[in-house]
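Read off the chains here:
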Amino acid sequence: MPAPIIKVDAISKSFGAFKVLDGLSMQVMPGEKLALIGPSGSGKTTILRILMTLEKIDGGHIQVDGEQLYHMERNGQLLPADERHLAKMRQKIGMVFQLFNLFPHKCVMDNVTLAPMLTKGTPRAAAEKRAMELLDMVGLADKAKSMPAQLSGGQKQRVAIARALALSPKIMLFDEVTSALDPELVEEVLNVMRKLAAETDMTMLLVTHEMGFAHDFADRVLFFDRGRIVEEGKPDEIFRHPKQERTQGFLKKIIAAGHRV
Amino acid sequence: MTQWSGYLGLILQGALVTIELTLMGSVLALIMAFLAGMGRVSRFFIVRALATTYIEFFRGTSIFVQLFWAYFVLPFAGLSLTPLQAGVLALGLNVGAYAAEVVRGAILSVGREQYEACTALNLGRWQGMRHVILPQALLVMLPTFGNNAIELLKATSVVSLISLADLTFQAQVVRSQTGSTLMPFLSVLIIYFALALIISWGVRTLERRMARGLDGVRV
């Protein structure tokens, strides 16, 4: 059995007096598709942000691809990671945000090529060739010269996915990537993710309220509540036969709100 | 009237000095604004402290006093400046201090999500600043930079106190030589106003060009 690509060990994180993550531990296997569900404030987005080094942790350890994320080993000692170590670790991870976070002053092509050219020294021609392949993959090859303001939400999010993929990360984090979209645009983004899951062996972590999609897409579902994983299992186990009362309650509310499971 | 046209020549010479001062002062102000404005958001305490000291000192003391220091006091420290050099130095440092706060404010006005996208794409701090944050912040700075440049233009008249023959200085020369008060002062009024209009127009044009395709960024 291969080693886990992500090992989260007893992570705690507070915002002021509010404890978002309370000794959270979890493991992710290489290539695994993981759905993180749960009520807002349960810590599912926070753990994604922590993996992307957008939040600092208060305690615990995280291993990504065999190396410590927030610590570095020097002469047998475990020291807090410096900026260089973090930059090295970030190469393994990509993230797509709820609000796309495209660079509004750059056209679609430049959004996708900026990071490979700056961080990997990829020559412009090679970066643009790769960008066209990725834009083609997300169905937006004809929008390469458009500015983000000219795109619909669904198109923006597909550009954001292509932009993250341009750095060829081993792990992709998707933070509620369809929550800000008009309902009729959700499907085009989900289709790209299905394609990605089918065509690559990337490890994918997905925070979502799209329960139907999580059910079809994920190998494993984690139900978060109050900074802990209350229940985890195969999609069928979690969605059809949840064991924990809190999971049942959450799913009931979600179904009552009109989401398909 | 023929006599008057000769005096008008004097005033136009003064206008050239004023334009020269404004352009050179603006360049220095711009450099200082970016140095100090970005210094204010630095990670390093000492850089922040230096930037803050500069800004507070030059905003907190009068441009007259700064000019007198540059021209009359610095020579005692072994640094003799020509009136033009002293004028550019005082104007640039003074207006640069105000504009530095504009730079800082504009950098902070760029949303947190843009910084987060930079981190997620593994851009270094300076790479993100240079390619993502500053280009967006520049658009926010421009209108206020226009204000600062006009302030600088008007402040150039202080150099007449260190005998630099700028617009205001020449107006006084003409007045004392002709005894006419209205003509010289009306001319300089119109010239200052026209120069200010040119700055406004230039900044607005620049703004429009930079905002192209960026809908949704300006608030």
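Residues numbered from 1 in each chain as written. Chains lettered and ligands numbered in written order. Predicted model: local features only at pLDDT ≥ 70, side-chain atom pairs only at ≥ 80, totals over all residues.

A closer look at the overall build of chain A
Threshold: To qualify as a helix, a DSSP run of H or I must reach at least 4 residues; to qualify as a strand, a run of E must reach at least 2; elements of each kind are numbered from the N terminus. Every radius of gyration here is taken over C-alpha atoms, with the globule rule written as 2.2 Å times N^0.38, N being the number of residues. In this scheme the burial state of a residue depends on its C-beta neighbours within 10 Å: 20 or more other such atoms mean buried, 12 or fewer mean exposed, and anything in between means partly exposed; the C-beta positions come from the backbone.
Helix and strand counts for chain A stand at nine helices and twelve strands. Relative to the compact-globule value of 18 Å for 261 residues, chain A shows a C-alpha radius of gyration of 19 Å, a close match. Each principal axis of the C-alpha distribution contributes one length, and for chain A these read about 55 × 55 × 40 Å. Within the span of chain A, comprising 261 residues, buried residues form 44% of the whole.

Things to note about the interface of chain B and chain A
What counts is decided by this rule: Residues are scored as being in contact if the C-beta atoms we place from backbone atoms lie within 7 Å.
Facing the 19 residues of chain B at the interface are 21 residues of chain A. It is helix H5 (residues 112-120) of chain B that contributes the most residues to the side of chain B that touches chain A, six residues altogether.

Description of the packing of helix H6 (residues 125-155) of chain B against helix H8 (residues 182-211) of chain B
For any two helices packed against each other, one specifies the inter-axial angle together with the distance between the axes. Residues and elements named next belong to chain B. Using the following cut-off: In this description, a line fitted to the C-alpha atoms serves as the axis of each element, helices being fitted only across the stretch in contact, and the angle between N-to-C directions of two axes falls anywhere from 0 to 180 degrees. For this classification, under 35 degrees means roughly parallel, over 145 means roughly antiparallel, 65 to 115 means roughly perpendicular, and everything else is oblique. Here the nonpolar group is Ala, Val, Leu, Ile, Met, Phe, Trp, Tyr, Cys and Pro; Asp, Glu, Lys and Arg are the charged ones; every other residue, Gly included, is treated as polar.
It is the contact of H6 with H8, at a shortest axis distance of 10 Å, that shows an interaxial angle of 170 degrees. Relative to H8, the element H6 lies roughly antiparallel. Facing H6, whose interface residues are Leu138, Leu139, Leu142, Pro143, Phe145, Gly146, Ala149, Ile150, Leu153 and Lys154, H8 presents Tyr192, Leu195, Ala196, Ile199, Ser200, Val203, Leu206, Glu207, Met210 and Ala211. A class-by-class count of the residues in the contact of H6 with H8 yields 16 nonpolar, two polar and two charged.

Quick notes on the sheet that holds strand E3 (residues 33-37) of chain A
Residue and element names in this part refer to chain A. Note the threshold: Here, any two strands with at least 2 DSSP bridges between them count as paired.
In space, the six strands of this open sheet follow the order E8-E9-E10-E3-E11-E12, with mixed pairing throughout. Pairing within the sheet leaves two strands with one partner each, and these edge strands are strand E8 (93-96) and strand E12 (228-233). The sheet shows a mean angle of 20 degrees between the axes of neighbouring strands, direction not considered. In terms of strand pairing, E8 meets strand E9 (residues 171-175) through four bridges, oriented parallel. What sits directly across from Val96, in E9, is Phe174. Packed onto the sheet, helix H5 (residues 153-165) meets E8 and E9 and runs at close to 170 degrees relative to E8.

Concerning the UniProt feature "domain: ABC transporter" (unreviewed entry) in chain A
Basically, it comes down to this: UniProt positions are given in the numbering used here, feature names are shortened, and annotations may be inferred rather than shown by experiment.
According to UniProt, the feature "domain: ABC transporter" (unreviewed entry) maps to residues 6-251 of chain A in the numbering used here. Between the C-alpha atoms that bound residues 6-251 of chain A the distance is 27 Å, and the span itself is 37% helix and 28% strand.

Focus on the UniProt feature "transmembrane region" (unreviewed entry) in chain B
Residue and element names in this part refer to chain B. The UniProt record marks residues 6-36, 57-74 and 182-203 with the feature "transmembrane region" (unreviewed entry), using the residue numbering of this structure. When the span residues 6-36 is considered, its composition is 100% helix and 0% strand, and the gap between its end C-alpha atoms is 45 Å. As a span, residues 57-74 carries 83% helix and 0% strand, and end to end its C-alpha atoms are 17 Å apart.

Some remarks on the sheet that holds strand E5 (residues 67-68) of chain A
Here we have four strands laid out as an open sheet, ordered E2-E1-E4-E5 (chain A), and antiparallel in their pairing. What marks the edges here is a single partner per strand, and that holds for strand E2 (18-28) and E5 of chain A.

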